[in-house]
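In case you want the letters, here they are:
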Amino acid sequence: MWLFLLPLWLGFALGGLSTFTTRFSQRWGVAGGQRATLIVRAVSVPFWSSGYLLAVWDPSPDLYAVGMPSALAGWAALAAGSVLITWSVRTLRTRAMAPSTSDAVEAHGPYAWIRHPVYAGMMLELAGLFLVVPSWTVLVASLGGILWLLVMAWLEERDLLQRAPDYRGYMQRVSAFLPRRRGAG
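Definitions and limits used
Residues numbered from 1 in each chain as written. Predicted model: local features only at pLDDT ≥ 70, side-chain atom pairs only at ≥ 80, totals over all residues. Heavy atoms only, no water. Helix = DSSP H or I, 4+ residues; strand = E, 2+ residues; numbered from the N terminus. Expected span 1.5 Å × (residues − 1). Buried < 20%, exposed > 50% of the residue type's maximum accessible area, 1.4 Å probe, protein only. Contact = heavy atoms within 4.5 Å. Salt bridge = Lys/Arg side-chain N within 4 Å of Asp/Glu carboxyl O.

A. Quick look at helix H1 (residues 5-17). Helix length check: H1 (13 residues) gives 18 Å between terminal C-alpha atoms against 18 Å at 1.5 Å per residue, within 8%. Among all positions in H1, only Pro-7, Leu-8, Gly-11, Phe-12, Leu-14, Gly-15 and Gly-16 are buried. Each element contacted by the buried residues of H1 is listed here: helix H2 (21-57) and helix H5 (136-163).

So this is what it looks like as structure tokens:
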């Protein structure tokens with residue numbers, strides 16, 4: 001029943017390593033650090049994706065019966081998360097998978113509104129997944145994923161503060177996951 005946790009947490013652990021671009025670059029040079037980050041990001045995805053698939057396929061009991069409102073809200077959250085992730089990755093281009101210590105702070109596209117649009121999109125997708133498949137295993141996987149994304153954002157910001165001098169000012173101007181209201185901040 002809880003077999004999904006093994007690939008899920010292994011994927012999370014590998015994904016967490018990808019936030020150490022500066023450390024990798026200090027050890028193996030800029031190109032080596034970029035390659036190391038790319039490799040751990042690429043290897044982590046099949047693991048945590050498999051964990052989510054196993055959670056969805058697990059025959060654990062549902063917490064509620066899916067009706068039209070929850071199904072529509074779930075699919076809307078999945079779609080919105082996918083659009084946000086796609087927009088973010090298109091904005092970053094290769095830096096999304098292979099960041100470098102020479103990258104400038106990105107403050108255009110979705111990054112003008114929030115610092116972590118990829119993670120925010122993933123959180124939307126996890127919420128949507130639970131609304132569409134409201135089982136215990138999907139709830140545990142989704143909550144674990146959201147916690148993992150919060151930790152990833154924290155680790156990534158520590159890394160960005162080391163490799164991008166302008167990041168501290170960007171952090172003060174732009175919120176992490178939800179856009180600020182006009183005039184706020």
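B. Highlighting the environment of Gly-29. Relative to the assigned elements, Gly-29 resides in helix H2. Given the relative accessible area of 29%, Gly-29 is considered partly exposed. Placed 116 residues apart in sequence, Gly-29 and Gly-145 show a C-alpha to C-alpha distance of 31 Å.

C. Just the pattern of salt bridges, in detail. Summed over the entire model, instances satisfying the criterion amount to five salt bridges. A salt bridge links Arg-95 to Glu-106; the shortest N-O distance between them is 2.7 Å. Separated by 11 residues along the polypeptide, Arg-95 in the loop between helix H3 (68-92) and helix H4 (117-132) and Glu-106 in the loop between H3 and H4 bring together distant segments of the chain. Accessibility expressed as a relative area gives 23% for Arg-95, which makes it partly exposed. The salt bridge involving Glu-157 is made with Arg-115; its shortest N-O contact spans 2.5 Å. Taken as a pair, Glu-157 in helix H5 and Arg-115 in the loop between H3 and H4 lie far apart in primary sequence, 42 residues in all. Taken as a pair, Glu-157 and Arg-115 share a single burial class, namely buried. Because the salt bridges share partners, they merge into one network encompassing Asp-103, Asp-159 and Arg-163.

By themselves these figures say nothing about function.
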